[in-house]
Amino acid sequence: MIFSFDLLINAVVSGVLIGGFYAAVTCGVSISFGILDIVNIAHPAFIILGSYVAYIFNITFGIDPIVVAIVMTPAFYLLGTAIYQVYYLSFEKRGQESLRGLAFFFGVLFITEVTLVLYFGVDYRYVEAPYIGPTLHFRMLDIPLRILVPFLVSLLLIAVLQLILTRTFIGRAIMAVSQDQLALRLLAVDPVRIKRIAFGISIATASLAGAFLIIIQPVEPSVGREYIGRVFAICVLGGMGSLPGTVIAAMLIGIVESLTSTFYGPSWAPAVSFGFLLLTLAVRPAGLLGR
Amino acid sequence: MTTAIGSAKTDSMTRADAGLLDIDALGKRFGGFVALDGISLTVPAGERLGLIGPNGSGKSTLVNCICGTLRNEAGSVRFNGKPLDGLPAHARTRLGLARSFQLPRPFASMSLIDNIRVPLLYTVAARGSGRSAPDIEGRCADLLREVGLEQKAQHLPRDLTQVEMRKLELARAMASEPKLLIADESMAGLTHSEIEEILALLLRLNDQGVTIILIEHIMRAVMSFSRRLVVLVSGRKIADGQPDDVMRDPEVEKAYLG
Amino acid sequence: MRTPVFLLIWLVIAAAVFAGAVFAGNDYVFFAGYVVMQYVVLSTAWNILGGYCGYVNFGSAAFFALGAYSTVAIYKFYPLPIPLLLVVGGAVSGLVGFGMGYLTLRLRGAFFAIATLALAVVLETLVVNWDYVGGSRGAYIVRPEEIYPFGNYVRYLFLIMMGLAVGAITVARLIERSRLGYGFATIRDDELAAEACGVPTLQLKLIATTISGALMGMAGAPFPYYIGYLQPSSTFGLEYAVNSIAMPLIGGTTSWVGPLVGAVLLGSLQQIATVTISSAVNLLIVGCLLVGFVIVAPNGIIGLVHKYFQRKPDDFVGRRRVDPDAPEAVP
């Protein structure tokens, strides 16, 4: 293992940048799991869906992937509300979300992935944009633009989300629904509707996160799987539902993964976030009653 | 004046007076909220203790801490002289501490008789009484009969009315053959005669040697049943003594009438 | 019905099935049948923790793979006979199951499920980086051509897996009808109330994860001989997780019958689909069936069957009795 300061600095910076992207990937789960308590393990599948949607429009019409994603956000939002409606009627209402709700999302994960395989095959797909390719050189730092741009837009996305959650009525209702549904009802607000909107927003973020993903790296359907653990690790580490916490946790994981990859090799990287997750869960005082 | 402040009374007690249940300066917080603040209480064996207090005063939290469902941060609980700190709930039940839940928590996928069977299999059997299967079967039927649910033995809890679920709760707590039974609001919603039934049942249990802590809002029931009354307000014990004396205590009046 | 009788009946059925397969003359039956039997074991094992206790394990692949890789590790040393490999695979996976349980069973259900996923990936990463068993390049096992007195080695493998399947359902049924079965059910229904009734929930959950893990490991132990070339990516594949969850949920999670029905039906369906269409479509079918059943028929096929015969809105099944000689209570 050759230790060089250059390598270290680049690894750390790379980790921070990727961390920003991870935050965008996770913010949807921060809402669905952190706030709404819905274990949507299919979230990475929606992100991959977002990647492929960006890919189609980029390849066919040459539109910038991020632009595609923004335009497609309403469609993803509607998809999210539809899925929540099914989830609510089938599981939440019947009180069976623990076993069957989980299995439901697991099934959705699979269906999405396999449908993409059937449609697109297992070849890696990538998009083209002017910022994919060039690298910024600053002193000893090498910053590929294709990682920097998603990083910046990710932070923007999170900032917008945070504003929505804290400044708008809907946003505050979403925060409230996780704590006191009765109070919401007394305010003549339907908790189910709020949760539906929130879940819709959660899936809408996947559209953008998917575009970021395919900008950063080539994508094929099973790429989503490695994000399942990452996403929940970051969500739990970040304090469940706190967006600022998510960002910090995401960067932390990004840095550790980057360092591991650089100095120990990429084959150890998956163990990092999953190991982090296990550690966090093991140390957490969450018990039968705790959260 | 027989209203005693808890800790003073405990201090003046000798070893021989130590009760079946000894609670010493029990404290519990939820974040910034203090649910229980230095509760001390001694319950001698065979006692019929009534525990009352306005909603949110900490009665259920106290029960949860005694039984191990929640962990207390301060103070200690001793049962039969044995400290309970760190003991999981099932171990406390095996020692002879049983409780019914305020909001009934039946095992939804099992029939009533199976619900009753569980404590017999896991608590009574664990104490090494060596009961045979027909014995257990008979005991389950007996318990259901005592609460008037024998007709619905094979039914699922979802087929029960609220009132019947409370009775099942009580029967299940009794099934573990406890030395101390905490009945947490078992009588809410019962009719006059049903309340009498439950009271008679609890009295019978007490005659057989079971110590009973009755947590109730129905004053009539509490007053007629309890030999001693404890009042909890905002996480603190404000009265502890003879029921009539306690009810005449000005602090208690203030707590209830504002 | 007493357990030894049950065991005997199923051994007879298994022997009949084996005889039928030999009579069919086509060796493919054994290849396909092996996979179906393997899934019977995996689903039954999963159901012990998932259906009985209500704790969802997403990491079935890891326990299965550990059994397979134990075999590989030992094979490089000295090729043991398969029955011994079963024991080793079971022991390794059982131990890991116990360890995983110890780390994670204090967690709420959802966190536990996620933790199992995390554990599976960590284990996979460890194996991929362990060159002794081939790492990411994979490992080769040379399957003997024949073994006395079964002839074809694949027939032998099929027989072993069938025996394991019979063993698995016997264990599951034994648990159901014992005090343990009541305990597991209370954990599923209401852990808090279970503790209050004297049920040592943590202990029981550990027992469940250990037995479940051990059975999965045993299912994986003969796999290297079956497949010949073992690769981490496919051995740890999410397909195992999906199937071991889908089959019990489709068949019915409340008793040993469900996973058996689910595995036989879904497993056979998949074998046919893989050959006639493609393996991707095969997985799509599993995913769709899983989602469909979970929404429409939460109690699975046996739940539907019960509903049909009961004509009551009551869709629950499974009265457990401590005394195996007493007649089954009809709900």
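One structure accompanies this document, and this report is about it. Keep in mind that this is a model prediction, so the values were computed, not measured. (Residues numbered from 1 in each chain as written. Chains lettered and ligands numbered in written order. Predicted model: local features only at pLDDT ≥ 70, side-chain atom pairs only at ≥ 80, totals over all residues.)

Moving on to the overall build of chain A. Scanning chain A from N- to C-terminus turns up eleven helices and two strands. Secondary structure elements of chain A occur, N-terminal to C-terminal, as α-α-α-α-β-β-α-α-α-α-α-α-α. In summary, chain A has a C-alpha radius of gyration of 19 Å against a globular reference of 19 Å for 291 residues, a match within 12%. Projected onto its principal axes, the C-alpha positions of chain A cover 60 × 45 × 35 Å. Here chain A holds 291 residues, and the buried ones make up 50% of them. (Helix = DSSP H or I, 4+ residues; strand = E, 2+ residues; numbered from the N terminus. Rg over C-alpha atoms; globule rule 2.2 N^0.38 Å. Buried ≥ 20, exposed ≤ 12 C-beta atoms within 10 Å, placed from the backbone.)

Moving on, we come to the overall build of chain B. Check the secondary structure of chain B and you find ten helices and ten strands. Projected onto the principal axes, the alpha-carbon positions of chain B cover approximately 50 × 40 × 40 Å. Considering chain B as a whole, with its 258 residues, one finds that 45% of them fall into the buried category. Restricting the contact set of chain B to residue pairs at least 6 apart, pairs at least 24 apart contribute 66%. (Contact = placed C-beta atoms within 7 Å.)

Counting residues in each nonpolar core, the largest one holds 279 residues, and the members touching the most others are A24 and F212 of chain A, A171 and L214 of chain B together with V41, A118 and A165 of chain C. Not counting residues up to four positions away in its chain, the partners in contact with L214 of chain B are L49, G50, L51, A183, L202, V222, F225 and S226 of chain B. (Core = buried A, V, L, I, M, F, W, Y, C linked by C-beta atoms within 7 Å.)

So, on to the environment of K237 of chain B. Residue and element names in this part refer to chain B. Locating K237 in the fold gives a position in strand 10 (residues 236–241). For K237, a count of 26 C-beta atoms within 10 Å gives the class buried. The spatial distance from the C-alpha of K237 to the C-alpha of I66 is 15 Å, given a sequence separation of 171 residues.

Every contact between the two is made by 41 residues of chain C and, on the other side, 36 residues of chain A. Every element with two or more residues in the side of chain C that touches chain A is listed here: helix 4 (82–104), helix 5 (109–128), helix 8 (191–196), helix 12 (238–251) and helix 14 (279–296) of chain C. When residues in the side of chain C that touches chain A are grouped by element, the largest group, 13 residues, is from helix 5 of chain C. Of the residues belonging to the side of chain C that touches chain A, the class tally is 30 nonpolar, eight polar and three charged. (Nonpolar A, V, L, I, M, F, W, Y, C, P; charged D, E, K, R; others polar.)

Quick look at the packing of helix 12 of chain C against helix 15 (residues 300–310) of chain C now. All names here are of chain C. Closest axis-to-axis distance for the helix 12/helix 15 pair is 3 Å, and the angle between their directions is 5°. Classed by the angle they form, the pair helix 12 and helix 15 counts as roughly parallel. Between helix 12, through L249, I250 and G251, and helix 15, the contact on the second element is made entirely by G300, I301 and I302. Its residues placed into classes, the contact of helix 12 with helix 15 shows four nonpolar, two polar and no charged. (Axes fitted to C-alpha atoms, helices over the stretch in contact; angles between N-to-C directions. Parallel < 35°, antiparallel > 145°, perpendicular 65-115°, else oblique.)

Moving on, we come to the sheet that holds strand 4 (residues 74–79) of chain B. The strands making up a sheet associate through backbone hydrogen bonding, with each pair oriented either parallel or antiparallel. Residues and elements named next belong to chain B. Spatially, four strands are ordered 2-1-4-5 in an open sheet, and the strand pairing comes out antiparallel. Strand pairing shows two members of the sheet lacking a second neighbour, strand 2 (33–43) and strand 5 (82–83), which therefore form its edges. In this sheet, strand 2 lies alongside strand 1 (residues 21–30) in antiparallel orientation, the contact comprising seven bridges. Considered in strand 2, the bridge of I23 is made with L41. Those strands touched by helix 2 (residues 59–67) are strand 1, strand 2 and strand 4, and its axis lies near 65° from that of strand 2. (Pairing = 2+ DSSP bridges.)

Residue and element names in this part refer to chain C. On the secondary structure map, Y225 appears in helix 10 (residues 223–227). Counting along the chain gives 182 residues from Y225 to S43, while the straight-line C-alpha distance between them is 21 Å. Leaving out residues up to four positions away in the same chain, Y225 has contacts with I141, R143 and L157.

This part covers the pairing of strand 4 of chain B. All names here are of chain B. Bridge analysis of strand 1 against strand 4 gives five bridges, and the strand direction is antiparallel. Bridge assignment links D24 to a residue of strand 4, and that residue is S76. When strand 4 meets strand 5, the two strands line up antiparallel, connected through two bridges. Each residue of the ladder has a partner; that of R78, found in strand 5, is P83. The hairpin formed by strand 4 and strand 5 contains two residues between the paired strands, and N80 there has a positive phi angle of roughly 60°.

Quick look at the sheet that holds strand 10 of chain B now. Residues and elements named next belong to chain B. Strand order in this open sheet of six strands is 6-7-8-3-9-10, and the pairing throughout is mixed. Strand pairing shows two members of the sheet lacking a second neighbour, strand 6 (97–99) and strand 10, which therefore form its edges. Looking at each pair of strands side by side, their axes are set apart by 15° on average, direction ignored. Across five bridges, strand 9 (residues 228–233) lies against strand 10 in antiparallel orientation. If you follow L232 over to strand 10, its bridge partner there is K237. Relative to the sheet, helix 7 (residues 192–207) contacts strand 3 (48–52), strand 7 (180–184) and strand 8 (211–215), its axis offset from that of strand 8 by approximately 150°.

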